[in-house]
Amino acid sequence: MLATGLVATQPRHFPSKCATQHEGKFRQTPFIVLDIKNLSKTFTSAGEPVHVLRGVDLDIKAGERVALTGESGSGKSTLLHLIAGLDAADGGTIALEGTEITVLSDAGRAALRRDRLGLVFQQYNLIPSLSVDDNLAFQARIAGRHDAAWHAELVERLGLANLLKRYPEQLSGGQQQRVAIGRALAIKPTLLLADEPTGNLDEDTAENVLALTRDLVARTGCGFLMVTHSLHLAATLDRHVTLHAGRVS
Amino acid sequence: MQLATLLIGLISATALWSGVQAINQQARNAYDRAAATFGGTRTAMLVASDAATFPQELFVKLRRAGWPVSPMLEGRVQINGRSIRLLGIEPVTLPVDVGNAPSLGRNDLAAFVGPPGQTLVARETLGDLQQVEGATPAISNGAKLPPLRMQQQLVSDVLVVDIGAAQRLLGKPDQISRLLIGKARGKPAPLASVVGDQLQLVEPNAETELERLTDSFHLNLTAFGLLSFFVGLFIVNSAVGLAFEQRLPMLRTLRACGASARLLNTVLVVELVALAFVAGLVGLVCGYFIAAALLPDVAASLRGLYGAQIPGQLTLRGEWWLAGIGISILGALIAAATSLLKAIRLPLLATAQPQAWQQAQHRWLILQGTAALAVFAVAALLLRYGDSLIAGFGVLAALMLGAALILPAFLEIILRTGQRGARSPLALWFWADSRQQLSGLSLALMALLLALAVNVGVSTMVESFSRTFLGWLNGRLAADVYVSAPDNAKAVAIRNWLRERSEVQAVLSGGRAETQVAGQPVELLGLPDHALYRERWPLLETAPKAWTQLVPGNAAFISEQLSRRLNVRVGDVVEIATPGGNWELDIAGIYADYGNPKGQLTVNVAALLRHFPQTPQTRMGLIVPRDRIPGLIAALQKQFALDDRSVADQATVKAESIRIFNRTFAVTSALNAFTLGVAGIALLTSLLTLANSRLPQLAPLWAIGITRPKLAAIELTKTLSVALFTALLALPLGLLVAWCLLAIVNVKAFGWRLPFHVFPQQLVELVAVALLASLLAALLPVLRLARMQPATLVKVFANER
Amino acid sequence: MSANGLSRRAFAGSLAALALPRYAFAQGYAGLGESANGFAPVVPGRAFSFPADHGPHPDFRIEWWYLTANLVDAAGAPCGLQWTLFRQAAASGPQREGWANQQIWMAHAAVTRADTHRFGELFARGGIGQAGVAAKPFAAWIDAWEMKGTDATDDRTLAPVVLKASSADFSYALTLQADRTVVLQGDAGFSRKSERGQASYYYSQPFFRAQGTLRIDDKTVDVSGQAWMDREWSSQPLASDQTGWDWLSLHLASGDKLMLYRLRQKDGQDYPFGNWIAADGRTEQITGRDIQMTPKATAEVAGRKLPVEWQIAIPSKSFSIACKPLNAKAWMGTGFSYWEGPISFAGTHNGVGYLELTGY
């Protein structure tokens, strides 16, 4: 909470569309936040190499919301994990806002995730021992980027005001996912990565959660890459790419 | 992994428990043997109302009146300077129902009764006496024993001869010590109508004197065994819990596929029982080795503390194996009960939690805290109103149980306080997560708490005892050289010779006799009136001018044990039986007499000799300048052909006493270490179990950007800090345990109360040991976490879980 | 003469029980065939002297005071009882004092009714007064069991005496009267037991009249009838190849008494013998050739087949009877076991008596 002020004065990724409410540099043209070139990844399954990714090229601009679809096992999640630095690629490059993450050390990638990436998973993956409020602020605080006003806005926009004292296990799936999204966006990430964020939710809740996410992404101006199997949901985003045979089309 | 954990838990539970059981069983067999041997306390008997022996004609009178009695004469003889119990029996009338006494084969009867007769002796005793079968060693009065013959089941340290031979050897013609009463034929005449008031009936005692005395010791061992058994069950509990957790999806699937809950549970139970059977067997083998390793020390302890004779070779009964397997299976089922119940009630689909973990934990803590308070109340009641050894152990058990129950609440308070004060998010998470882990770790922490508290308690007691004992020994061993002559004539010669030696400043002659007070055997110690005793002999309580009171011979000091047993204080009067009638003694002082299984009275040696003229005057203490001691001993040995046992300097005697003392507590220390070890294993397995189930909780933190080494370091710190808090709680608890042991249990068990000392250095060491144990226990899971492949962590986020 | 003595050789049993295992039977029955080394020999022509001979003869290896009684209770139901005191010397030589004394005493007591048989046994060592026999006034005792006279007891009739025994489940007390003197068995008290010289000294009092009470469990009844006492001592009463005996003492309705026995030998031969005691006390020895003892029926008791019914004939006396036991289960399951129980007989003569079977 004390760090809040400091963070506010560091506008490196300050979202363009927030300019009305936040001071900072205003970007005229959307620039590329994620630039993937010729990315490849091979797993070994039952002694046989499985080439999951065979030269993926993909870029996402700031503020751009991209849906990634593909058949089961096509490598959607793997691609997402590689972008997040959760796993190491076998070839190719991933540049996050110009930072080449494939050459980073483990610690470097951890720092990158902490400071610049928002991650949302199907299982929500909240920290069960912490309250909603603490979960929401957790990453931002660790990253030293907590912003009380932004935090308050997120609480309000995500409709979590009445749930702050609760613990994750007391929340419904939709509520938990809203907290997870809030936590990811609290750092005002460069890129928000979501892996089937609505996979565990019913259709209405899913729509609702995704709508919120779209709005907030737009509000922060970060890039957004969502893995989904739902063509319907994919259609609600700016761009729709498909992973097939290890390549993005 | 869980399989290994499960097996380790069951094995350690079974091993220590059955090891302790084996030792207890061995000891009880020995006591039974002693009790049953030719009419120990298991047999009803008639004894003289006011003398050690009575005329044999009373035996004939009673037989003629239809009393199925058998005479027995008991005494002590010396063989090569070693005093040993001699028992004269009458095999023809010896009741057949005298317990499981070694029966004289009918074949042997004629050889036993007729000339030259036989001296039955246990194998151990034969070895102790350095004799062979068939030998006829002489006793101190020159008479020869009938040929020695080994009798397998005979209790050790006793020689059994025909009553006629006993009367001859002990110089008590036509006298007997007691009459054993067999099964009545018809109705015998009333006792008083046959022998008047000369004899009194002693009812059989289901519990022998030895059993009563050694109860505390065995209770102590059993408590340790039980403690480790439960700690072992903690391990099993966490292992089964984990195994179940991991199989949950499979169980769901199987249920969904139509397998009935009953079938699944049967399969689970059968699997568990099979594992428990295997682990029980391994545990029994380990238990056997533990028992075999501890037995020599246990035997030494029992011999040193109570004079109880336990054979050093382990023999096991079939029941022991069965009981061991049984307890392993039962323990496994109990430990797995919660998991099995969960499996029975397993809903097909997972549902949302109705309560936050915090609320559930809060309720659990309040419940457990209330239970702890109730248990503490019981402890307080026992402390206030209890008066027995069992009550003493009850207080101990209640204290420990209460402390164990209150531990999670105690930790919760500390952790919550920590959480409130936390500034950084990681610190916040550190405290919050520790709190959440509490329920998973609490069993292991309780085990750690108990093991630590017991360690603190026992080592404080042993250390207190050690310190008191050393001080006491310094006072008691006042003379510089101790001499024991083989007989009175030689003693006179030695005394005369010593008078000529310039370096001998004083010759202090003492004496020992045996008598009875209120039907119990009591040792009488005669001390000369000498400044050395007045200055150094340690007294706990005294009347004014106590030593001066002793001189005329109508006052005595009483040992602490005996004073408690007889409920006698300074100023009271004690009456003892002597060959010349009763002797009234004013109690002028109470002294500590650590390690003596017998009650003791100390009187002036001249008075002792007046009342017990037969007392051998063979022992003497010499006061000699330090530098002249070796020369004097060498000269004495050369002049009178005395061996090392007959002449010893103070330092040697002291060293020997301390050696015996240390051995006495070797078992306790060994069990202490075992218990701490098992607690460490419990902690390890709990942490391993938690480590797996915690992956989903740690993975998000890693995903959020906390490196694995950092996570591992935090995890380690968490474990160490809860261990530290536990250890800190264990310290006061342990001191309380020590106090209980010193002020309640020791007094009841041994008859002496020791001053209570606190040894800070020892406490610091124990905390360090606890932390080290926790560190070792936490290291494996933490290292695994630090080196975990990202792929493993990533799996947490995989969509199909 | 006196085979009966031998019959009661249960004493041998005493030592068998005390000192010798069963294998001793291989060498004669219960050690009775042992050589008499060091003990006084039994020779013909000894002069008996009373009351001294009522007392013990410690120079001889074994000795007994053996009494059996055929009684009826107030309701007329027949019953029998046995009271026996055995002495055996574990070693020859001068009598040692106190516990060192070499005499060992054993006693058996039993009561038998048609439906019940109870027995007990006692052991004691000599030298200390727990058991013993005194000639004048007569007393034989072991613990609380005794056969005891008074100063008024006649040395020649050994009467009156009282007899007592008690065990957990039975007891009795009888007064024994007699108006005829004791009877020397065999050849003036010398009773030959084999062709090779084994023999014993043997006299009896077969004319006792008994009266008293008998308790079984908690039921006490008055009883009366006749009793027979045997006194016998020897150092080697049996030949080593003699394996056991069948012995009878018979109270004939005429007032005559008859003692019969046969010693069984390993080779299957018997050594039968008898003594007819007329009602006036005169005796007549009956030699083996005149005695026909034929087992008629066996009973299985304690895992053994025992000839408890007999056909007995003595043609020279025009005597032919059939004997039946009062209770076929009269087994003495004592340390040394045997069958001993009351019988009744009918034929040329009627009466009651006692049968003893050993070595089965």
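A quick note: this is a predicted structure, and the numbers were derived from the prediction, not measured. Counting from 1, residues in each chain are numbered in the order their sequence is written. Whichever chain is written first becomes A and whichever ligand is written first becomes 1, with later ones labelled in order. Per-residue local features of the predicted model are confined to residues with pLDDT of at least 70, and side-chain atom pairs are confined, for both listing and counting, to 80 or more; whole-chain, interface and lining totals are unaffected and use all residues.

## Remarks on the overall build of chain C
Helix numbering and strand numbering both begin at the N terminus, where a helix is a DSSP run of H or I of at least 4 residues and a strand a DSSP run of E of at least 2. A count of helices and strands for chain C gives 2 helices and 23 strands. We call two residues in contact when their backbone-placed C-beta atoms lie within 7 Å. Counting only contacts in chain C whose residues sit at least 6 apart along the sequence, the fraction spanning at least 24 positions is 58%.

## Let's talk about the overall build of chain B
Secondary structure summary: chain B contains 23 helices and 21 strands in total. Three exposure classes are used. Buried residues have 20 or more other C-beta atoms within 10 Å of their own C-beta, exposed residues have 12 or fewer, and partly exposed residues fall in between, all C-beta atoms being placed from the backbone. Residues counted as buried form 45% of the 801 residues belonging to chain B. The contacts in chain B between residues at least 6 apart in sequence include a share of 82% that link residues at least 24 apart.

## Some details on the interface of chain B and chain C
Of the residues lining the interface, 20 residues belong to chain B; the matching set on chain C comes to 23 residues. Mapped onto the side of chain B that touches chain C, the elements with two or more residues apiece are α2 (57-64), α3 (106-113) and α5 (163-169) of chain B. With 4 residues, the top contributor of residues to the side of chain B that touches chain C is α3 of chain B. For this scheme, ten residues count as nonpolar: Ala, Val, Leu, Ile, Met, Phe, Trp, Tyr, Cys and Pro. Four count as charged, namely Asp, Glu, Lys and Arg, and the remainder, Gly too, count as polar. When grouped by side-chain class, the residues that make up the side of chain B that touches chain C number 7 nonpolar, 8 polar and 5 charged.

## With respect to the nonpolar core
With 228 residues, the main nonpolar core has L448, L449 and A453 of chain B as its most contacted residues. No other element matches the 26 residues that helix α12 (residues 425-476) of chain B contributes to this core. The domain limits used here are those given by an automatic or database domain assignment. Two domains share this core, each providing at least three of its residues, namely domain 1 (2-27 + 212-470 + 663-795) and domain 3 (476-653) of chain B. Discounting chain neighbours no more than four positions away, the residues touching A453 of chain B are M400, A403, A730, L733, G734 and V737 of chain B. Buried Ala, Val, Leu, Ile, Met, Phe, Trp, Tyr and Cys residues form a nonpolar core when they are connected through C-beta atoms within 7 Å. In terms of nonpolar packing, the next biggest core, distinct from the first, is built from 98 residues, F123, Y201, L326 and F345 of chain C among them.

## Quick notes on the packing of helix α4 (residues 132-143) of chain A against α12 of chain B
In contact at an axis separation of 9 Å, α4 of chain A and α12 of chain B are set at 135° when each is read in the N-to-C sense. Considering their axes alone, α4 of chain A and α12 of chain B lie oblique with respect to each other. Counted together, D134, A137, F138, R141 and I142 of chain A of α4 of chain A and P425, L426 and L428 of chain B of α12 of chain B form the full contact between these two elements. Looking at the contact of α4 of chain A with α12 of chain B residue by residue, the classes come out as 6 nonpolar, no polar and 2 charged. A fitted line through C-alpha atoms represents every axis, and for helices the fit uses only the stretch in contact; the resulting angles, taken between N-to-C directions, go from 0 to 180 degrees. Just so you know how the angles are binned, under 35 degrees is roughly parallel, over 145 roughly antiparallel, 65 to 115 roughly perpendicular, and the rest oblique.

## Considering the confidence of the model for chain B
The predicted coordinates should not be examined in detail at positions where pLDDT is low. Values of pLDDT, which run from 0 to 100, indicate the predictor's confidence residue by residue. In this model, chain B carries a mean pLDDT of 80, and residues with pLDDT of at least 70 account for 86%. Ignoring residues within four places in sequence, the model shows residues 99-103 of chain B, a span with pLDDT below 50, making 12 contacts including any to other chains.

## A closer look at helix α7 (residues 203-220) of chain A
An expected span of 1.5 Å times one less than the residue number is assigned to each helix. For α7 of chain A, with 18 residues, the first-to-last C-alpha span of 25 Å sits near the 26 Å given by 1.5 Å per residue. One or two positions beyond α7 of chain A, positive phi appears at G221 of chain A, with a value near 75°.

## A closer look at the interface of chain A and chain B
Each side of the interface is counted separately: chain A has 33 residues, and chain B has 28 residues. For the side of chain A that touches chain B, a count of residues per class yields 14 nonpolar, 9 polar and 10 charged.

## With respect to the confidence of the model for chain C
Residues and elements named next belong to chain C. When pLDDT is averaged across chain C, the result is 86; 89% of the residues are at 70 or more. Low pLDDT, under 50, characterises residues 1-34; the predicted model gives this stretch 122 contacts beyond four residues in sequence or across chains. For this predicted complex, the interface confidence reaches an ipTM of 0.88, while the overall pTM sits at 0.59.

## Section: the sheet that holds strand β21 (residues 647-649) of chain B
Residues and elements named next belong to chain B. If DSSP finds at least two bridges between two strands, the strands pair. Read across the sheet, 4 strands follow the order β12-β20-β11-β21 without closing on themselves; strand pairing throughout is antiparallel. The open sheet has two free edges, formed respectively by β12 (506-509) and β21, since each of these has just one partner strand. Mean inter-strand twist for the sheet, computed between neighbouring axes without regard to direction, equals 20°. Here β12 runs beside strand β20 (residues 619-623); their pairing, made up of 4 bridges, is antiparallel. Along β20, the bridge assignment pairs L508 with G621. Contacting β11 (481-484) and β21, helix α18 (residues 629-640) crosses the sheet at an angle of about 175° to β21.

## Considering the environment of L281 of chain B
Residues and elements named next belong to chain B. Among the secondary structure elements, L281 is positioned in helix α8 (residues 261-306). On the basis of neighbour count, L281 is assigned to the partly exposed category, with 16 C-beta atoms found within 10 Å. Between the C-alpha atoms of L281 and G324, which are 43 residues apart in sequence, the distance is 7.8 Å.

## Some remarks on α18 of chain B
Residue and element names in this part refer to chain B. Compared with an ideal rise of 1.5 Å per residue, which puts 12 residues at 16 Å, α18 spans 16 Å between its outermost C-alpha atoms and is within 8% of the ideal. Inspection of α18 places L632, I633 and L636 among the buried residues, and these make up the whole buried set. Burial along α18 is one-sided: seen end-on, the buried residues are contained in an arc of 100°. Exposed side of α18, more than 90 degrees from the buried face: P630, G631, A634 and K638 are the residues found there. In this structure, the buried side of α18 is in contact with β11 and β21. Positive phi appears at A641, one or two residues downstream of α18, with a value of about 50°. Think of the arc as the fan of directions from the helix axis to the C-beta atoms.

## Here we look at the sheet that holds strand β6 (residues 148-150) of chain B
Think of a sheet as strands paired side by side through backbone hydrogen bonds, with each pair either parallel or antiparallel. Residue and element names in this part refer to chain B. Spatial ordering of the open sheet is given by β6-β5-β7-β4-β3-β9-β1-β10, a layout of 8 strands whose pairing is mixed. Two strands close off the open sheet at either side, each with one partner strand: β6 and β10 (199-202). Strand-to-strand twist in this sheet, taken as the mean axis angle between neighbours without regard to direction, amounts to 30°. Both strand β5 (residues 119-121) and β6 contribute to a ladder of 3 bridges, which runs parallel. Following the sheet pairing, T119 is matched in β6 by L148. Across the sheet, α2 is in contact with β3 (69-79), β9 (178-181) and β10; its angle to β3 comes to roughly 155°.

## With respect to the environment of G75 of chain A
All names here are of chain A. In this structure, G75 sits in the loop between β3 (65-70) and α2 (76-83). A residue is classified by how many C-beta atoms lie within 10 Å of it, and G75, with 28 of them, is buried. Along the backbone, G75 and R247 are 172 residues apart, and their C-alpha atoms lie at a distance of 9.3 Å. Apart from residues no more than four positions distant in its own chain, G75 is found in contact with V52, L53, L243 and G246.

## A look at the packing of α12 of chain B against helix α22 (residues 760-786) of chain B
Residue and element names in this part refer to chain B. Remark: α12 packs on α22, axes separated minimally by 11 Å, with the N-to-C direction vectors making an angle of 155°. Taken together, the axes of α12 and α22 are roughly antiparallel relative to one another. The handedness of the crossing between α12 and α22 comes out as right-handed. On the side of α12, the interface is formed by L448, L452, N455, V456, S459 and E463, while α22 contributes Q762, L763, L766 and A770. Note: crossing handedness is left-handed where the near helix turns anticlockwise from the far helix by less than a right angle, and right-handed where it turns clockwise.

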